[in-house]
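Per-entry structural report
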Amino acid sequence: MPKEFTDEFEPLLIKDCNGQKQPKLPNRSLVLAACAACIGGTFQFGYNISVINAPTTDVHHFINQTWIERYQIGIPESVLTLLWSTIVSIFTIGGLLGVTVGGTLSVKHGRKGTLLVNNAFAIIAALLMGLSYPTGYFELLIIGRFITGLNAGIGLCVQPLYLGEIAPTAFRGSMGMGTSISITLGLLAGQVVGLKELLGKEDSWPILLATTCVPAFLQLLILPWFPESPRYLLIDRGDSEGCKKALKQLHGVSRCDGELDDIEKEKRGLADFKAKTPWELLCDRSIRLQVLTVMLLHVAQQLNGINAIYFYANYLFTQSGISAESIPYVTLGTGACELVTALTCGIVIDRLGRKVLIVGGYILMSICCILFTLTLSYQSASPIVPYLSIVSVFAFILSFGLGPGGVTNILTTELFTQATRPAAYIIAGSLNWLSFFLISMVFPFLVVWLEQYCFLVFMVVCTCMAIYIFFVVPETKNKTFIEIQNEFKSSKKARTVDATGMTQLLSI
């Protein structure tokens, strides 16, 4: 076999020869490290999205009272709506900024170091939002929400990096699902804390918004006991001893040698290592397909209709005869179902594979969009139709959680190597936040123009993504990062050979 082919497929040959039996469960220290990273990482994203919903009326009242005290006149309705929309949506602007700096910070200060520093933003934001009521400055809510978004953006960028790099190959899918699970837990926690029986009371909303500091303090107490990413230590910093020590703590003495060999192979393949910038990544022809894939995955994650479904949920619950007082508890039920789905996906993803779950998820979401359109079109045809709409909502959310909700971030980690992964997260995260902002702005107009048929647009998005992933994206289960790169290179060479052969055939 020629040397260039031997070098390229060396990881595959070695893996087949060794044939070591994979452990059934991850090391306890590894699971605890993942939990420590999640509690102050993507948990904050989910928590701060949901926690702002409970005090809507109370914050409106606070802004109105403050306006009267300042100007001796009630606030115009349009100004009040603008201020509230700014408080809610500026979180997205902060998130976009956070994800653009998160990748750079993770290269300079490490994955763990960046997560720890990021907690300062959560604490500052909690202080500002908590002081807004006693000081009478609603502007502090706007600044606090922006900083909260900054914290969430950095967490969404860096935490998946950390989880993907500390996980052994056999458990990379399950560990990567920690991102989806922690977001869902955050959403659920925000809904629970915002109930009237807890901090959802009229005089408790400043405390409610300030509770974002609790996960930050927890992470500052727990995460320092766990090591930095072994890949970062060896490849970025050249710290061989630190890498070995981290691997022993995370994987155990008996399991660390295999992972160390994998990291060293990747390091040898990265001559004159230097982390790439997003622009360099976009200009690199050798990984163009991976970049395109991740960009499409993250845009589709926001444009597949999941946010629209949440928007319509309260309307459907009301149409089905559910009282306004009961809707928060029904919404809590949807959050619990999504959490169970994420946990289920975390259990099966390393058995079924990424491709089966994400393609299956998008196909089921396409079917749900059709059902959703039909049930909304015939709401008055039968008393049972509104309940079928609710079933469609639950089915759509469960399909999202099983597929795109959890697998997208895992694929972002797996399709790139150490030199390109931070830049890939900056690009993917930026597109994710921009798409989130776009759908928030466009969807209300889409509903006016197309009414219930707007979900057919989302059906097209889901169907197209299912087809693209099925034909383009390889299965990454139980493969090292180098093996995944080699598979993309092999498929690219095969397409080039096919194109060349077709050209020669046509020229005869």
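Structural notes, computed from the coordinates. This structure is a prediction, so every number in the text was calculated from the model and none was measured.

1. Thoughts on the packing of helix α9 (residues 172-193) against helix α21 (residues 404-414)
Axis separation between α9 and α21 bottoms out at 8 Å; the angle between their running directions is 120°. Put simply, α9 runs oblique to α21. As for the relative orientation of α9 and α21, their crossing is right-handed in sense. When α9 is examined against α21, the residues Arg172, Gly173, Gly176, Met177, Thr179 and Ser180 are found in contact with a partner set consisting of Gly405, Gly406, Val407, Asn409, Ile410 and Glu414. Looking at the contact of α9 with α21, its residues break down into three nonpolar, seven polar and two charged.

2. As for the pattern of salt bridges
A complete count under the given rule lists 10 salt bridges for this structure. Of the charged contacts in the structure, one is a salt bridge between Asp284 and Lys276, with a shortest N-O distance of 2.3 Å. Since its relative accessible area comes to 29%, Lys276 is described here as partly exposed. A salt bridge links Lys479 to Glu487, with the nearest nitrogen and oxygen atoms 2.5 Å apart. Residue classification places Lys479 among the buried positions, given a relative accessible area of 18%. What makes Glu487 partly exposed here is its relative accessible area of 30%. Each of Arg172, Asp350, Arg354 and Glu414 takes part in a single network of salt bridges with overlapping partners.

3. As for unusual backbone geometry
Unusually for a residue other than glycine, Gln72 sits at a positive phi of about 55°. Note on placement: Gln72 falls in the loop between α5 (56-71) and α6 (77-109). Relative accessible area serves as the criterion here: at 62%, Gln72 is assigned to the exposed category. With phi around 60°, Asn478 is a residue other than glycine that occupies positive phi space. Locating Asn478 in the fold gives a position in the loop between α23 (454-472) and α24 (481-507).

4. Considering the nonpolar core
Formed by 44 residues in total, the largest nonpolar core has its most connected members in Ile358, Tyr362, Phe455, Phe458 and Ile469. Among all residues touching Tyr362, those that are not within four sequence positions of it are Leu297, Ala300, Gln301, Asn304, Pro404, Cys462, Met465, Ala466 and Ile469. Residues Ala33, Cys38, Ala152 and Val158 belong to the second largest nonpolar core, which totals 32 residues.

5. Examining α21
Counting buried positions over the 11 residues of α21 gives 11, a clear majority of the element. Within α21, burial applies to Pro404, Gly405, Gly406, Val407, Thr408, Asn409, Ile410, Leu411, Thr412, Thr413 and Glu414.

6. Side note on empty space enclosed by the protein
Inspection of every chain in the model, using the stated rule, returns three cavities of 30 Å³ or more. Its volume calculated, the largest cavity comes out at about 60 Å³. In terms of lining, the largest cavity is formed by Pro160, Leu163, Gly164, Arg172, Gly176, Thr179, Asn409, Ile410, Thr413 and Tyr425. Contributing elements (two or more residues each) for the lining of the largest cavity: α8 (139-166), α9 and α21. Considering only residue class, the lining of the largest cavity consists of four nonpolar, five polar and one charged.

7. Describing the state of the cysteines
The full count for this structure, using the stated rule, is zero disulfides. We note that Cys464 lacks a disulfide partner, and the nearest cysteine sulfur, in Cys462, lies 9.5 Å from it.

8. Details of the packing of aromatic side chains
Applying the stated criterion across every chain, the model contains 12 aromatic pairs. Their ring planes at 85° and their centres at 5.5 Å tell us that Phe45 and Trp433 sit as a pair that is edge-to-face. In this pair, Phe45 sits in helix α4 (residues 42-50) while Trp433 sits in helix α22 (residues 421-450), placing the two residues 388 residues apart along the sequence. Trp433 sits in the buried class, given a relative accessible area of 4%. Here the aromatic rings of Phe62 and Trp205 are separated by 5.2 Å at their centres, their planes lie at 50°, and the arrangement is tilted. Of this pair, Phe62 sits in helix α5 while Trp205 sits in helix α10 (residues 205-210), placing them 143 residues apart in sequence. Each member of the pair, Phe62 as well as Trp205, is classed as buried. One aromatic cluster is present, built from ring pairs that chain together Phe45, Phe91, Trp433 and Phe436. The ring of Phe470 carries the charged tip of Lys355 above its face, separated from the ring centre by 5.7 Å. The ring of Phe481 is capped by Arg421, whose NZ or CZ atom sits 4.2 Å from the centre of that ring.

9. Overview of the side chain of Ser180
Its location among the elements puts Ser180 in helix α9. With relative accessibility at 9%, the residue Ser180 sits in the buried group. Look past the residues within four positions of Ser180 in its chain and what remains in contact with it is Ala342, Gly405 and Gly406.

10. Observations concerning helix α20 (residues 385-402)
The terminal C-alpha atoms of α20 lie 26 Å apart, and with 18 residues this matches the ideal 26 Å at 1.5 Å per residue to within 8%. Looking at α20, one finds that the buried residues are Val385, Pro386, Ser389, Ile390, Ser392, Val393, Phe396, Ile397, Ser399, Phe400 and Gly401.

11. With respect to the side chain of Ser435
Residue placement: Ser435 occurs in helix α22. The class of Ser435 is buried, set by a relative accessible area of 6%. Leaving out residues up to four positions away in the same chain, Ser435 has contacts with Val299, Gln302 and Leu303.

Basis of the calculations
Residues numbered from 1 in each chain as written. Predicted model: local features only at pLDDT ≥ 70, side-chain atom pairs only at ≥ 80, totals over all residues. Heavy atoms only, no water. Axes fitted to C-alpha atoms, helices over the stretch in contact; angles between N-to-C directions. Helix = DSSP H or I, 4+ residues; strand = E, 2+ residues; numbered from the N terminus. Parallel < 35°, antiparallel > 145°, perpendicular 65-115°, else oblique. Left-handed = near helix turned anticlockwise from the far one by under 90°. Contact = heavy atoms within 4.5 Å. Nonpolar A, V, L, I, M, F, W, Y, C, P; charged D, E, K, R; others polar. Salt bridge = Lys/Arg side-chain N within 4 Å of Asp/Glu carboxyl O. Buried < 20%, exposed > 50% of the residue type's maximum accessible area, 1.4 Å probe, protein only. Core = buried A, V, L, I, M, F, W, Y, C linked by side-chain atoms within 4.5 Å. 1 Å grid on protein atoms, 1.4 Å probe; cavity = no way out; pocket = protein on both sides within 12 Å on 5 of 7 lines; lining within 4 Å. Points joined across faces, edges and corners; volume = space filled by probe spheres on them. Disulfide = S-S within 2.5 Å. Phe/Tyr/Trp six-rings, centres within 6.5 Å; stacked < 30°, edge-to-face > 60°. Lys NZ or Arg CZ within 6 Å of the ring centre and 35° of its normal. Expected span 1.5 Å × (residues − 1).

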